[in-house]
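A look at the structure
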Amino acid sequence: MINTIIYSYELSNMEFKPNHPFKPIRSKILMELLNRYDLLNHKNQMVVEPLPLKEELLYLFHERKYIELLRRASKGEFSIDIFYAGIGTEDNPIFESMYEFSILAAGGTFQGAEILLSGTSRVVFNPIGGFHHAGKGHAEGFCYINDIAITITDLIQKGHRVACIDIDAHHGNGVQDAFYDTDKVLTISLHESGETLYPGGGFETELGKGKGEGYNVNIPLLNDTDDDVYVYAFDSIVPPLIERYKPDFVVAVIGSDTHKDDPLTHMKLTTNGYKKVIATINDISPKILALGAGGYNIYKTTAMWALAWATFCGLTPTDLFAGVIGGFMYGPEAGAGTLDDPPFSSPPEEKKRCLDHANRVVSFLKERLSL
Ligand SMILES: [Zn+2]
C-alpha cells in the first residue's frame, strides 16, 4: 500500500508576516530532511501537489459571510466586520493571498481524504494542514479555514466513521465545537491545560452534549509534562477508545509544539515520547490522514514530522549526508546523523505534579467513558 505526502512548493513559500511564528517553509525543510534521511523516493511512496479547495466545499463548515470577509481581506480591504471575524489581529494577520493560502492548504487535506477513499494509500500526510482553531464564522490561533472540520464533515456525509486524534499542544477547540453534539465523529484532544495555554479551554469535563455526549474527549496535561507522563495518559485513554469506536478513518493532528524546545508552549516532550505516540496511532488506525498543525521550533518540528513519516512508512531514518553538511541547513541543534533527541525527564517534583494531574484526568475519563 502506498503512503502519500502532500507538498506544494508554492505554499511553502507563502508567509503570514516575516515575524509570525507560523512558517509554511517548514514543509520545504521537511522535504529536504526526508531526502537527507532516505525517507522519500521509495517505491511505495507518492508526492502529490495539492489543488485549491473548491469554494462550495468551504460551506460544509464555514458561513458564507465569513468566507466573503476573508476574500475581501485577502484583496487588501479592511473593515470593522473583518476585524470582528478575527482577521487582522496579531495572530491572524492580513497578508497577501491569505485566501489562496488557506484554500490550497485545505485543498491538500481534502485531497488527502479523497486519496484514502480511493483505496490507493493507507496514510496521507499533509504537513501544512490541521488548522484546528478556526471557527465557522471567525479566524483564530493562526487558523483561517478549518480544513479538518470541512474534510470530516464530507467523510461523515458519505457515511464513514471518523475519529480525530489531536496531539498538538493546543486544544483543538474549532474541531470540538464543530462536532460537539454528534456521535458521528469521535474527537480526542491531548493538550497543555487551558489554565496555562491558549485557547484556554479543553477541560476533561467537556465531553460533548446530547447525542455527542461521550464522543468529545479532552486530555489536558500540565505544563512540564514530559514523555513518560504524556505517553501514560495517551495509552490509558486513546487506544481503548479507538478500539471501541472502530473508525474507518483516523484524522491525526500531529502538531509537534509539545516539544520541550517549542517557544510557544510549556510541555516538555522529546522526539522519544512523540514517536511512541505516533507508533501507537499507526497501529490502531486503519487509515490515517495526518496533518502537520503547530510546531514553532522549525528544526524540531521538521525532525518530528520526519520521524512520524518514517513510522507511518515503516522506515528507519539514515542520514545520507552525515559529516557532509552538518548543521548548516537545519540549525545547530539538529546536528548530523540523527533526528532523535536524547532522553529527558522533568525534575522529580515537577514530574510528580504532572503525573498526579494526569492520574486524576485519566481516572475521571475512565469512569465517565466506562473504559
Ligand atoms: Zn499548537
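Remember, it's a predicted structure, so these values are computed and weren't measured experimentally.

Rules of the game
- Residues numbered from 1 in each chain as written.
- Predicted model: local features only at pLDDT ≥ 70, side-chain atom pairs only at ≥ 80, totals over all residues.
- Heavy atoms only, no water.
- Pairing = 2+ DSSP bridges.
- Helix = DSSP H or I, 4+ residues; strand = E, 2+ residues; numbered from the N terminus.
- Axes fitted to C-alpha atoms, helices over the stretch in contact; angles between N-to-C directions.
- Contact = heavy atoms within 4.5 Å.
- Core = buried A, V, L, I, M, F, W, Y, C linked by side-chain atoms within 4.5 Å.
- Buried < 20%, exposed > 50% of the residue type's maximum accessible area, 1.4 Å probe, protein only.
- Donors = N, O, S within 2.8 Å, 3.2 Å for Na, K, Ca; no water.
- Tetrahedral: all angles 85-135°; square planar, octahedral: opposite > 155°, others 65-115°.

Sheet architecture is open: 8 strands sit in the order E2-E1-E3-E8-E7-E4-E5-E6, paired in parallel fashion. Of all strands in the sheet, those bounded by a partner on one side alone are strand E2 (45-48) and strand E6 (216-221). The sheet shows a mean angle of 15 degrees between the axes of neighbouring strands, direction not considered. Where strand E4 (residues 162-166) and strand E5 (residues 185-192) come together, 5 bridges link them in parallel fashion. In the strand pairing of E5, Val162 is matched with Val185. Running over the sheet, helix H7 (residues 147-157) touches E4, E5, strand E7 (249-253) and strand E8 (288-291) and is turned about 160 degrees from E4.

Next up on the list: the nonpolar core. Leu34, Ile165, Ile167, Ile188, Val217, Ile219 and Ile254 are the most contacted members of the largest nonpolar core, which has 62 residues in total. Aside from chain neighbours lying at most four places away, what touches Ile167 is Leu190, Tyr230, Phe234, Val253, Ile254, Gly255, Thr258, Tyr274, Val277, Ile278 and Ile281. Grouped together as the second largest cluster of nonpolar side chains are 57 residues, Tyr66, Ala134, Phe142 and Ile152 included.

The coordination sphere of the zinc ion contains the protein donors Asp168 (OD), Asp168 (OD), His170 (ND1) and Asp257 (OD), at a distance range of 1.9 to 2.8 Å. Around the zinc ion sit 4 donor atoms, and with donor-metal-donor angles ranging over 52 to 159 degrees the site reads as irregular. Summarised as a motif, the one-chain spacing of the donors to the zinc ion is D-x1-H-x86-D. The two residues Asp168 and His170 agree in class, both being buried.

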